[in-house]
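Take a look at the letters that make up each chain.
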Amino acid sequence: MGAAYYRAESESGDHIEDPSEDALFMLIDDLNDTDNTFVVIQPDKDDPVWFTSVAVLEEGGYEVVRRDTTRREHDVATETSIDQIARDLTIWMAARDFPGRPAQHTSNF
């Protein structure tokens, strides 16, 4: 098994290394407004340069925070669709830098 590049962990203690879009969906779907109100996803290392979190809002829906200090990004949004949140976070995290991860190759065909 390869190295974990990032980790998702919920308030209840559930955690998944390198979660897929489906795994993120399940973690977010398990959130509630009493004892499991948020999930944080960040690199599995000390002093991470980026993170994202999803928190249950009292009025319904979710607050999604994305922060990347190396790119000076900080975005806070409200969303109601777990599908959309999981998809957007998967795409956003794929664009992050992970030291030690094989380089992504592109070609012009």
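In the block above lies the structure referred to throughout.
Residues numbered from 1 in each chain as written. Predicted model: local features only at pLDDT ≥ 70, side-chain atom pairs only at ≥ 80, totals over all residues. Heavy atoms only, no water.

A short note on the sheet that holds strand β5 (residues 62–68)
Strand order across the open sheet formed by six strands is β2-β1-β3-β4-β5-β6, with antiparallel pairing between neighbours. Each end of this open sheet is capped by a strand with a single partner; those strands are β2 (15–17) and β6 (73–79). Across the sheet, the axes of successive neighbouring strands diverge by a mean angle of 10°, strand direction being ignored. Lying on the sheet, helix α1 (residues 21–29) is in contact with β1 (6–10), β2, β3 (38–43), β4 (50–56) and β5; it crosses β3 at an angle near 145°. Each of β1, β3, β4, β5 and β6 touches helix α2 (residues 82–94); the most contacted strand, β5, lies at about 5° to it. (Pairing = 2+ DSSP bridges. Helix = DSSP H or I, 4+ residues; strand = E, 2+ residues; numbered from the N terminus. Axes fitted to C-alpha atoms, helices over the stretch in contact; angles between N-to-C directions. Contact = heavy atoms within 4.5 Å.)

Side note on the environment of Glu 63
Counting through the fold element by element, Glu 63 comes out in strand β5. Residue Glu 63 is classed as partly exposed on the basis of its relative accessible area of 30%. The spacing of Glu 63 and Val 76 is 13 residues in sequence and 6.9 Å in space, taken between C-alpha atoms. When neighbours within four sequence positions are excluded, Glu 63 is seen to be in contact with Ser 53, Val 54, Ala 55, Leu 57, Val 76 and Ala 77. (Buried < 20%, exposed > 50% of the residue type's maximum accessible area, 1.4 Å probe, protein only.)

A short note on the pattern of salt bridges
All told, the structure shown has seven salt bridges when counted by the stated rule. The salt bridge involving Arg 66 is made with Asp 75; its shortest N-O contact spans 2.9 Å. For Arg 66, a relative accessible area of 13% corresponds to the buried category. Judged by relative accessible area, which is 34%, Asp 75 ranks as partly exposed. Among the ionic pairs, Glu 73 bridges to Arg 96, the shortest N-O distance being 3.2 Å. Note that Glu 73 is positioned in strand β6 and Arg 96 in the segment after α2, a separation of 23 residues in sequence. Residue classification places Arg 96 among the buried residues on the basis of a relative accessible area of 4%. A single network of salt bridges, built from pairs that share partners, joins Asp 68, Arg 71, Glu 73 and Arg 96. (Salt bridge = Lys/Arg side-chain N within 4 Å of Asp/Glu carboxyl O.)

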